[in-house]
Amino acid sequence: MYGLSSFEQVAIWGVLGVAILGLLYALFLRTQILREDKGTEQMQNVWNAIREGADAYLKRQLRSILPLIVILTIALFASVYIVAPTPEASEWYCLSFQGATLETARECGENLTPAQQNQLQWLIGLGRAVAFIMGAGFSLAVGQIGMRMAVQGNVRVASASRRSFGDALRIAYRAGTITGMLTDGLGLFGGTIIFIIFGIAAPDALLGFGFGGTLLALFMRVGGGIYTKAADVGADLVGKVEAGLAEDDPRNPAVIADLVGDNVGDCAGMAADIFESYEVTIVSSLILGVALFAITGQLEWIIYPLLVRGIGVLASIIGTYRVRGGQGKSGDAMKAIFTGFLTSAAISVVLFGIVAFLYMQDVTGGWWRPFLATTLGVLLAILIDRLTDYFTSTHARPVKEIRDSADTGPATLILGGVSVGFESSVWSILVIAATIFASILIFGGITTDVAAQSTFVLYGVALTGIGMLTLTGNNVAMDSFGPIADNANGIGEMAWHGQEDEETNTARQIMADLDAVGNTTKAITKGIAIGSAVIAAVSLFGSFITDVGRVDAAALASGIRVSIPQVFVGMLIGGSIPWLFSSFAIQAVSRAASLIIYEARRQFKLGVLEGKVRPDYEQAVALSTGAAQKELIPLALMAVLSPIIVGLVLQVEALGGFLAGIILSGQLLAVFLNNSGGAWDNAKKLIEDEPRDFSMNMGKGSERHKAGVVGDTVGDPFKDTAGPALNPMIKVVNLVALIVAPIIVTYKSLGIGGWLVVLVLLAVLVWAIMQSKKPAPKLSEIDVAAPAPGD
């Protein structure tokens, strides 16, 4: 932390302390949750089956991804030897190891001997590799620990629903908050530690940290999404549509796999997803902050994002603890959750203003610019929250119109959901575009230097991302609340099957209400995750241009010109990647769901419905787990290899066009998939809440309900697999481009060796595509053991 004032050094250590405080708060909530009652023996039996299935999935996933993590760690370490060290890294080396002062560090950095350069590259390579492992490890920890706490919470929520609505809401939300505070605490802890060690050279190591978190998020999002929706689609089609069973009927062999999937997809996957967005915005803001430090000589541009993140942790602690319901048998869960969110937002904005006014007084352009940019990010999160709520919640017009379209069958219901998804995507991108334009206005007119002015604007966009994810603790708590409520509902349905007393029916209604709100909160946080992914990607886009300019000032001196054919080609290829990725993700769900359907039908033939044999839940869990892991590596390779191939073949400006295409196309598609799927899901729930009257075609089991189930089944892989997986995929592509861009600029002429590398990478990419295009298995190809009679 050379060059920092005493106040700045104390502030950075304070930020580290706040990160630790966030982790301690998560530990405090864990103690609270574990003290709650776990309910009856029947409830605990169902819960144990869910817990064991989730644990088995996570262990299998870890074994699948470890080899690729090892390979990429070595590649990241070696990548720093291909290009010369950055000026900031050289200055850091001189300050840390050569006894230079602030006045002599630049001159020392420009005159390093070859031996000193090798030592510096070894240190930066080691830092980047260790940071990569740390980012991957933290992302894994957030997902796995958070998911395990969600599993611990769901049975306790089911038990609490027999007492009061308020108790059930409090336990569900605080169990989710544990994941949120792990995301906040570990993300801030990792970024701050790297800054303390590397100072102005931190972006070199933070690239590894961000890439590790993003790659693990992609694995957990894709694997969890395939698992959860294969089980869900299979359980719904064979259980509800074919056999006429109710939701979470214990006779459905796929029901436990479905409940496990809610945890591995929505808890582990989303937590890792938002964690990497949290890190990527830190990476981009510090890279651009270092660029502004080089322009203005003011360290405040680097320190301010870390201070803002510390404020966010404190605000989330206060806001999440305020979420609670009354002690009656009903309440408004969405109002309580949103009140906590607004409380955290208000605290954040006030503290942003105080810190900016006291600390950023002397920066170029004035303190009010960074304050407005971060506040704009908080406002963007609230706008996306409200926009997603409108298009996916049960109380708003779009979902009610989809419900009404079920009167004429599944085709019109599906068309209604598609149209809602298309419209919502347009409004979302207009909100994001307005936010970026506002950042242009806020940071406009600071300097006449075009390149410097562009850096100021991009830094403003990065601060908007920092502000948007300030309330990460609240966002992740809202998301985890959804699967916790869903699982609690499932545990109650299975444990209380056949019971119709007043207490049980009241508990069922409380859990159904929480489940419906959970669907909306999941959709909201997915919307925020998608918005943050776009803002983070635009920030990384700016970092990409900045880093290329450091290696070769002339490479992108004229910007990224779409009028140049190869740049336009790059943009077209980039725009197509999200569609190919989504296609393969949905195909993977279809293949895995086929396995579940065949297995459930086989068990039905053995007499499960009549009670002749008990359902074998473990078969469906094993099938979903195996199918999800087979798809991980091919889809991840598509995201990692495509920017490298485009950059090597078409060069760096075309790679910029590729990134622009993937950001635009990915955002539009992700919002469409997320909101159409969420709207179909809640339209089905509205039909299920109707009084059951077959003469009026109303309620569960009616033709309208079957149409709703079909729409929900189509929407499941949209909103829980392909849509959410696009977030980390976009950022993996951007981070890979950021890492390889200096190499591409340095080695413009490939030569024989370079073309051989391209051919090898193309061969691997073709293999990944062929793996993802395998057809669904036939019934004759499936080999599963039958449960023994009487099991």
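Residues numbered from 1 in each chain as written. Predicted model: local features only at pLDDT ≥ 70, side-chain atom pairs only at ≥ 80, totals over all residues. Heavy atoms only, no water.

## Quick look at the pattern of salt bridges
Reasoning step 1: In the structure shown here, the tally under the stated rule is 29 salt bridges.
Reasoning step 2: In this structure, the salt-bridge partner of Glu 690 is Arg 704, at a minimum N-O distance of 2.7 Å. Taken together, the residues Glu 690 in the loop between α19 (652-688) and α20 (703-746) and Arg 704 in helix α20 connect sequence positions 14 residues apart. The pair formed by Glu 690 and Arg 704 is uniform in burial state, with each residue classed as buried.
Reasoning step 3: Of the charged contacts in the structure, one is a salt bridge between Asp 720 and Lys 719, with a shortest N-O distance of 2.6 Å. Accessibility classification places Asp 720 together with Lys 719 in one group, the buried group.
Reasoning step 4: Ionic contacts of the salt-bridge type, sharing partners, join the residues Lys 229, Asp 232, Asp 681, Lys 684, Asp 712, Asp 716, Lys 719 and Asp 720 into one network. (Salt bridge = Lys/Arg side-chain N within 4 Å of Asp/Glu carboxyl O. Helix = DSSP H or I, 4+ residues; strand = E, 2+ residues; numbered from the N terminus. Buried < 20%, exposed > 50% of the residue type's maximum accessible area, 1.4 Å probe, protein only.)

## Comments concerning unusual backbone geometry
Reasoning step 1: Positive phi values are uncommon outside glycine, yet Gln 651 reaches one of about 80°.
Reasoning step 2: Structurally, the position occupied by Gln 651 is in the loop between α18 (617-650) and α19.

## So, the side chain of Thr 214
Reasoning step 1: Inspection of the secondary structure assignment puts Thr 214 in helix α7 (residues 202-242).
Reasoning step 2: A relative accessible area of 0% means that Thr 214 is categorised as buried.
Reasoning step 3: If near-sequence neighbours (up to four positions away) are discounted, Thr 214 is found in contact with Glu 276, Val 280, Pro 728, Lys 731, Val 732 and Leu 735. (Contact = heavy atoms within 4.5 Å.)

## Some words on a positive patch on the surface
Reasoning step 1: On the surface, Arg 60, Arg 63, Lys 630 and Lys 774 cluster together to form a positively charged patch.
Reasoning step 2: Within the fold, Arg 63 resides in helix α2 (residues 41-79). (Patch = residues over 30% accessible without salt bridge, like charges linked within 9 Å, V, L, I, M, F, W, Y side chains within 5 Å. Areas by Shrake-Rupley, 256 points an atom, 1.4 Å probe, with all protein chains shown as cover. Lys, Arg positive; Asp, Glu negative; His and termini not counted. Charge placed at Lys NZ, Arg CZ, Asp CG, Glu CD.)

## Description of the environment of Asp 515
Reasoning step 1: Summarising the element assignment, Asp 515 is placed in helix α16 (residues 502-551).
Reasoning step 2: Assessed through its relative accessible area of 5%, Asp 515 is described here as buried.
Reasoning step 3: Between the alpha carbons of Asp 515 and Lys 685 there is a distance of 9.6 Å; along the sequence they are 170 residues apart.
Reasoning step 4: Dropping the residues within four chain positions of it, Asp 515 is found in contact with Ala 485, Asp 486, Asn 489 and Lys 685.

## Digging into the nonpolar core
Reasoning step 1: Of all hydrophobic cores here, the largest spans 260 residues; its most connected members are Phe 211, Phe 443, Leu 514, Phe 544, Phe 581 and Met 729.
Reasoning step 2: Residue contributions to this core peak at 22 residues, all from helix α8 (residues 255-296).
Reasoning step 3: The residues touching Leu 514, leaving out its near neighbours within four places in the chain, are Val 157, Phe 165, Ala 168, Leu 169, Ala 333, Phe 481 and Ala 485.
Reasoning step 4: Ranked by size, the runner-up nonpolar core spans seven residues in total, among them Val 238, Phe 604, Val 608 and Val 613. (Core = buried A, V, L, I, M, F, W, Y, C linked by side-chain atoms within 4.5 Å.)

## So, the packing of α7 against α18
Reasoning step 1: Close contact between α7 and α18 brings their axes to 8 Å; oriented N to C, the two are set at 140°. With respect to each other, α7 and α18 are oriented oblique. α7 and α18 meet at a crossing whose hand is right-handed. In this structure, α7 uses Leu 215, Leu 218, Phe 219, Val 222, Gly 223, Ile 226, Tyr 227 and Ala 231 to contact α18, whose residues at the interface are Val 621, Ser 624, Thr 625, Ala 628, Glu 631, Leu 632, Ile 633, Leu 635, Ala 636, Ala 639 and Val 640.
Reasoning step 2: For the contact of α7 with α18, the class distribution of residues is 15 nonpolar, three polar and one charged. (Axes fitted to C-alpha atoms, helices over the stretch in contact; angles between N-to-C directions. Parallel < 35°, antiparallel > 145°, perpendicular 65-115°, else oblique. Left-handed = near helix turned anticlockwise from the far one by under 90°. Nonpolar A, V, L, I, M, F, W, Y, C, P; charged D, E, K, R; others polar.)

## A few points about the confidence of the model for the chain
Reasoning step 1: Summarising the model, the chain shows a mean pLDDT of 86, and 97% of its residues fall at 70 or more.
Reasoning step 2: Predicted confidence in the chain is weakest over α16, with a mean pLDDT of 80, and strongest over helix α1 (residues 6-34), with 94.
Reasoning step 3: Low confidence marks residues 782-791, where pLDDT is under 50. Its contacts with residues over four positions away, or in another chain, come to 19 contacts. (pLDDT = per-residue confidence, 0-100.)

## Remarks on a nonpolar patch on the surface
Reasoning step 1: Among the surface-exposed residues, Tyr 81, Trp 122, Leu 126 and Val 130 lie close enough to one another that they form a single nonpolar patch of about 360 Å² accessible area.
Reasoning step 2: Relative to the assigned elements, Tyr 81 resides in the loop between α2 and α3 (87-97).
Reasoning step 3: In this structure Tyr 81 comes out as partly exposed when scored by relative accessible area, which is 36%.

## Quick word on the state of the cysteines
Each disulfide consists of one covalent bond between the sulfur atoms belonging to two cysteines.
Reasoning step 1: Scanning the entire structure with this criterion turns up one disulfide.
Reasoning step 2: At a sulfur-sulfur separation of 2.1 Å, the disulfide partner of Cys 94 is Cys 108. Between Cys 94 and Cys 108, the S-S torsion sits near -85°, and that sign places the bridge as left-handed. Of this pair, Cys 94 sits in helix α3 while Cys 108 sits in helix α4 (residues 105-110); the two residues are 14 residues apart in sequence, bridging distant segments of the chain.
Reasoning step 3: For Cys 94, a relative accessible area of 0% translates into the label buried.
Reasoning step 4: According to the relative accessible area criterion, Cys 108 is partly exposed, its value standing at 23%. (Disulfide = S-S within 2.5 Å.)

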